[in-house]
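Each chain, written out:
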Amino acid sequence: MTQPMTGAKMVVQALKDQGVDVIFGYPGGAVLPIYDELYQQTDIQHILVRHEQGAVHAAEGYARSTGKPGVVLVTSGPGATNAVTGITDALMDSIPLVVLSGQVPTFLIGNDAFQEADTVGITRPCTKHNWLVKDPDKLAETIHQGFHVATSGRPGPVLIDIPKDVQFAEGTYVGPVKAGHGHYHPKVKGDRETITRLVEAMETAERPIFYTGGGVINSGDAATQLLRELVEATGFPITSTLMGLGAYPASGKNWLGMLGMHGLYEANLAMHDCDLMICVGARFDDRITGRVADFSPNSIKAHIDIDASSINKTIHVDLPIIGDVAHVLEDLLRIWKSRGRKVNKEALKPWWAQIDEWKTVDCLRYTPSAQTIKPQYALQRLEALTRHRKDRFICTEVGQHQMWAAQFLGFEAPNHWMTSGGLGTMGYGMPASVGVQVAHPEALVINVAGEGSWLMNMQEMGTAVQYRLPVKQFILNNERLGMVRQWQSLLHGGRYSHSWSEALPDFVKLAEAFGAKGIQCSDPADLDDAIAEMLAYDGPVIFDCLVEKHENCFPMIPSGRAHNDMLLGDADTEGAIGTKGAVLV
Amino acid sequence: MAPLNIQQGTSRHSAYDLRDPNAEASERHTLAVTVDNEAGVLARVIGLFSGRGYNIDSLTVAEVDHAGHKSRITIVTTGTPAVIEQIKAQLGRIVPVYEVHDLTVEGPSVERELALFKVTGTGEKRVEALRLADIFRANVVDSTLESFVFEITGTPQKIDAFGELMRPLGLCEMARTGVAALARGN
Ligand SMILES: Cc1ncc(C[n+]2csc(CCOP(=O)(O)OP(=O)(O)O)c2C)c(N)n1
Ligand SMILES: [Mg+2]
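Residues numbered from 1 in each chain as written. Chains lettered and ligands numbered in written order. Predicted model: local features only at pLDDT ≥ 70, side-chain atom pairs only at ≥ 80, totals over all residues. Heavy atoms only, no water.

This paragraph deals with the overall build of chain B. Counting secondary structure elements, chain B contains 4 helices and 8 strands. Ordering the α and β elements of chain B from the N terminus gives β-α-β-β-α-β-β-α-β-β-α-β. Within the span of chain B, comprising 186 residues, buried residues form 38% of the whole. Put simply, of all contacts in chain B between residues at least 6 apart along the chain, 70% involve residues at least 24 apart. In the structure as shown, chain B presents an accessible area of about 10,100 Å², 52% of it carried by carbon and sulfur atoms. (Helix = DSSP H or I, 4+ residues; strand = E, 2+ residues; numbered from the N terminus. Buried < 20%, exposed > 50% of the residue type's maximum accessible area, 1.4 Å probe, protein only. Contact = heavy atoms within 4.5 Å. Areas by Shrake-Rupley, 256 points an atom, 1.4 Å probe, with all protein chains shown as cover.)

Residue and element names in this part refer to chain A. Every protein donor of the magnesium ion (ligand 2) is listed here as Glu451 (OE), Glu451 (OE), Asn478 (OD1) and Arg480 (O), and their distances to the metal cover 2.1 to 2.7 Å. Coordination at the magnesium ion (ligand 2) is irregular: its 6 donor atoms span angles of 50 to 171° at the metal. All donors of the magnesium ion (ligand 2) come from a single chain, and their spacing in sequence reads E-x26-N-x1-R. Owing to a relative accessible area of 8%, Asn478 belongs among the buried residues under this scheme. (Donors = N, O, S within 2.8 Å, 3.2 Å for Na, K, Ca; no water. Tetrahedral: all angles 85-135°; square planar, octahedral: opposite > 155°, others 65-115°.)

Here we come to the nonpolar core. All names here are of chain A. Counting 108 residues, the largest nonpolar core has Phe474 and Phe543 as the members making the most contacts within it. It is helix α14 (residues 325-338) that provides the largest number of residues to this core, a total of 8 residues. Here this core gathers at least three residues from each of two domains, domain 2 (192-359) and domain 3 (375-546). The next biggest cluster of nonpolar side chains, apart from the first, holds 45 residues, and it includes Ala55, Tyr62, Ala432 and Leu469. (Core = buried A, V, L, I, M, F, W, Y, C linked by side-chain atoms within 4.5 Å. Domains from an automatic or database assignment.)

A separate point is the sheet that holds strand β16 (residues 417-418) of chain A. All names here are of chain A. The parallel open sheet is built from 6 strands, whose spatial order is β16-β15-β17-β18-β20-β19. Every interior strand has two partners, whereas the edge strands, β16 and β19 (517-521), have only one. Here strand β15 (residues 392-396) runs beside β16; their pairing, made up of 2 bridges, is parallel. In the strand pairing of β16, Ile394 is matched with Trp417. In this fold helix α17 (residues 400-408) packs onto β15, β16, β17 (444-450) and β18 (472-477), with an angle of close to 135° to the strand it touches most, β17. (Pairing = 2+ DSSP bridges. Axes fitted to C-alpha atoms, helices over the stretch in contact; angles between N-to-C directions.)

Considering all chains together, one arrives at 15 aromatic pairs over all chains under this definition. For the pair Phe148 of chain B and Phe150 of chain B, a centre-to-centre distance of 5.4 Å together with 35° between the ring planes defines the contact as tilted. For the pair shown, Phe148 of chain B and Phe150 of chain B are each scored as buried. Put simply, the rings of Phe117, Phe136, Phe148, Phe150 and Phe162 of chain B touch in pairs and so form one group of aromatic residues. Across the ring face of Tyr496 of chain A, the terminal group of Arg485 of chain A is positioned such that the distance to the ring centre comes to 4.0 Å. (Phe/Tyr/Trp six-rings, centres within 6.5 Å; stacked < 30°, edge-to-face > 60°. Lys NZ or Arg CZ within 6 Å of the ring centre and 35° of its normal.)

Set out below in structure tokens:
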């Protein structure tokens, strides 16, 4: 289909042809023609956010909970620069986004025109790819290619900068098929030879472990199914990064829990002591490895990843397999089955016995209290009261509460857990919950938040109220920037420099001011009823859960330490981080 | 258990490894990168090197296929073997990049660079400069009574050597193109 139309109309047509039904945005001078086109149609819903960072995180929440790309529309200059944090977040966590930004007209570019910013320059390092479209005839093609790039290979955000005169000008529209994909076609099939070597290693391994990550979820439902089948069939233990939670069910019998800096004792020790590590769609991030030199010293390492640059970046692996997780796991399973489904049963027994012994350490234990709500207790109760809801989606902010949520909430399915992993963006969760709820209007969407993070994008409560999105903001309010405080207690002699807020708002009144419901709870005895009240309310809720102020998050592998060198509680923290470790983040 | 017949990995450095990242020896590699000649593509390549802390010793770029709008970027870089592998993988990830070739490991290749040298002087020094230029097969592309501009092509080492010799003879300015390289044979 080729036909003349204005650039602005082409934008809307291209989105429709890409199957987009909702976009998140904020208007301004440089995108008015596009907003005018949006006004004159009903196929695409536009969610008006309150800040462009919110639009991007909302689109991330939408994308992660649906597996579809999120779409954002912002104006030039400040609109685009406000979006940068969200775009960087999406890049770090491999979230497919298509961000459309307005730009000053082509004849003003470079003139320091009003609301001009070098948007493609600013976003070049934080997008997977970006384009400035100066020719209206190239606009439709570029948008379609943008969707292709964002969603294929390792997903990520793309940005398309559209000058205002291009939005007014007439050009020729082309549909997605005619636009083609250009030459960008990442390889999805893994090398058979190497996959076979991995199967051989699986057949004899004495202490194998699956270490999985967000790549499994990005690869799609088939990847999750294949992973589950492989884990059940081999009987190998499995752990996951923060980003990969839900790919294997938390109730599954081979589940060791999350690994890494605040991961479970049994997961980290199993990683350290294994003789075969099968890394599936994870990237040996520094939160996972601890001290690289001591990382899993006696193992053969296999790494399945669609991004060749992830392989051998920090950890040298023995069996690199570049390809899409689903494709590779399918081949892996087939080859393993065809060779007689062999595993080293004799050796797996003592390996599991060792793991079970590590489990008895009960690394998530904490000192309960009848007077104050312990944050861990609040999450245990939230879990108990919502676990049965298959349609439960959890978002988080960044800090201690995020790690406790990862430790204490169980995820049975992929795409039900949205958290800012790579960038660690405070202010992610509130808008992300908006995006998730837009995608799943009937679902239970909870943002487990810290009061500090939550304030960073709290304006999006306005969006939630405007679109009647019943998001539940479950704030673990310790009146502290708890994670910063924890590091100060470990590293800086308990000098708590600027890690608490002196003037927090009254969250109940704040909820009411937004037109939402506010609930406050400070007594452990009232907690269940208060959570029930939150769940029963048909509308957005701010739940101000006043928790213990000085609780620290354990287990913890301090920076610069090895996996088998974990802190299990406050008693272990004396002098835990040496001066060398202190330079790390 | 029978020992796994796989050579075991060793850890490489990262920002979170406190070992000296320079402990491994650096190598010089010449990379040839074919890219779409679209706006910003050079900025992407340069941004990758600066953003990730890689070295650029020399970089040349020009469109080599006008009909297909493709450019060839030749990059000379130094790094440990692991870093060189990372650089290639990171380059390969850039959307407008078609191919990345490591000419240093893919077989014999030829490397040439062009340079212009301005040498001023009179008398014996001027004669000596001309004589050396002849030995190096440099051409005189401009001359006044007190100056020459020499044009020389060759390997970067040859150009370095010529520059060293010209220095005491009145070298006052030079311009170099950076390396262009091709694999030998077919
Ligand atoms: C935008 C941003 N700024 C600063 C930080 C550094 N940081 C990490 S956690 C944290 C404290 C978070 O406090 P809060 O949201 O109350 O969570 P808590 O740790 O108390 O549960 C800070 C400041 C960050 N991750 N993101
Ligand atoms: Mg807090």
